Amino acid sequence: MRNALYDRGFIPVRRLRGPVVSIGNLSVGGTGKTPFVLLLGELLKARGIKFDILSRGYGRASRGIALVDPAGSARNFGDEPVLLAVVGEERHHAGVFAEKKFGPQLHLLDDGFQHRSLARNFDIVLITPEDIRDRLLPAGRLREPVTSLLRADAVVLTSGASQENLALDGQLIWRVRRGIAPANVPGKPVAFCGIARPKNFVLQLRAAGIEPVAEAFYRDHHAYSEQDIRDLLNLRQRSEADGFVTTEKDAINLGGLLTALKPLAVIPVTMEWTDAANAVDTMLARIAERTRPA
């Protein structure tokens, strides 16, 4: 089915020398793409497979193509790609840049399912239970319908999503479990975040036995200002909280303002991939088959 769909006018015109694996979703954020990219990257690294990660660098103020500096700021590279590798508005150009620097190695295309202008060798799509019940923008959060999963090679069920209500046609089904790893959280924290599904963060905190005394939510990819810091400090005082708790993504967006919110616990996202070794073996085998010279 996937090849038939590509044959009906969806064949990308730009290609890279190295194979491309796209990791994406159907909705506007909130499915765990970046943690999955990082997890897949660690699995590839453990096998000695060289790769780079191509990202558009959402929310960055800088322009052009850049190799991400791990010590860099969200303003320069975007909030999520600070953890990744190469950013560029046009990811084909970013891939060419990476190949000139590193050679034609494997490319992981972050948030790439809708980026059809670049040819890929394997498509991975993450989906949540909310996606299955959701509607298209602007009424809902979906960028394209659930039937678009027919273009995918592998569908990753997250947050307990079930395949029962999905009309698939031979796609691989992978399962991951997302969670958080809280540590050194103040006893009575103010929880704040600017992510796609902020209430899920609070639910995860409560599931871990952490009960925020106050909450503050911002738009996804929110760039924090000095006024935001003053508002959060005032909220802490009014709620008689003894500190703050937020996500890794928000810590990146806080930048130098982060120190004004001490004590602050930054919570990393964890991800467990069921039968990951076999899944990666299958993916690599299919890529090898598709890139084998005729």
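Residues numbered from 1 in each chain as written. Predicted model: local features only at pLDDT ≥ 70, side-chain atom pairs only at ≥ 80, totals over all residues. Heavy atoms only, no water.

**Student:** Just give me the short version of the pattern of salt bridges, but keep the residues and values in it.
**Tutor:** Considering all chains together, one arrives at 13 salt bridges under this definition. A salt bridge links Asp131 to Arg197; the nearest nitrogen and oxygen atoms lie 3.4 Å apart. Of this pair, Asp131 sits in helix H5 (residues 129-133) while Arg197 sits in the loop between strand S9 (189-193) and helix H6 (198-207), placing them 66 residues apart in sequence. Using a relative accessible area of 12% as the deciding quantity, one classes Arg197 as buried. Here the salt bridges share partners, and the residues they tie into one network are Arg116, Glu144 and Arg151. (Salt bridge = Lys/Arg side-chain N within 4 Å of Asp/Glu carboxyl O. Helix = DSSP H or I, 4+ residues; strand = E, 2+ residues; numbered from the N terminus. Buried < 20%, exposed > 50% of the residue type's maximum accessible area, 1.4 Å probe, protein only.)

**Student:** Tell me about unusual backbone geometry, and name the residues and values.
**Tutor:** Looking along the chain, the bond that leaves Leu137 and enters Pro138 is cis, with omega of 5 degrees. One can find Pro138 in the loop between H5 and strand S7 (154-157). The peptide bond linking Lys262 to Pro263 adopts the cis configuration, its omega dihedral lying at -5 degrees. Considering the arrangement of structural elements, one finds Pro263 in the loop between helix H8 (248-254) and strand S12 (264-267). The residue His221 is not glycine, and still its phi comes out positive at about 65 degrees. As for its position among the elements, His221 is in the loop between strand S10 (214-217) and helix H7 (226-239). Residue His221 is classed as buried on the basis of its relative accessible area of 17%. One non-glycine residue, Glu240, adopts positive backbone phi at about 55 degrees.

**Student:** Residues and numbers for the packing of aromatic side chains, please.
**Tutor:** Applying the stated criterion to the full structure yields 6 aromatic pairs. When the ring of Phe36 is compared with that of Trp273, the centres are 4.8 Å apart and the planes differ by 45 degrees; the resulting orientation is tilted. One end of the pair, Phe36, is in helix H2 (residues 33-46); the other, Trp273, is in strand S13 (residues 269-273), with 237 residues separating them in the sequence. This pair shows no difference in class: Phe36 is buried, exactly as Trp273 is. Aromatic side chains Tyr218 and Tyr224 sit 5.1 Å apart centroid to centroid with 75 degrees between the ring planes, which places their arrangement in the edge-to-face category. Judged by relative accessible area, which is 8%, Tyr224 ranks as buried. Just above the ring of Phe113 sits the side chain of Arg151; from NZ or CZ to the centre is 4.0 Å. (Phe/Tyr/Trp six-rings, centres within 6.5 Å; stacked < 30°, edge-to-face > 60°. Lys NZ or Arg CZ within 6 Å of the ring centre and 35° of its normal.)

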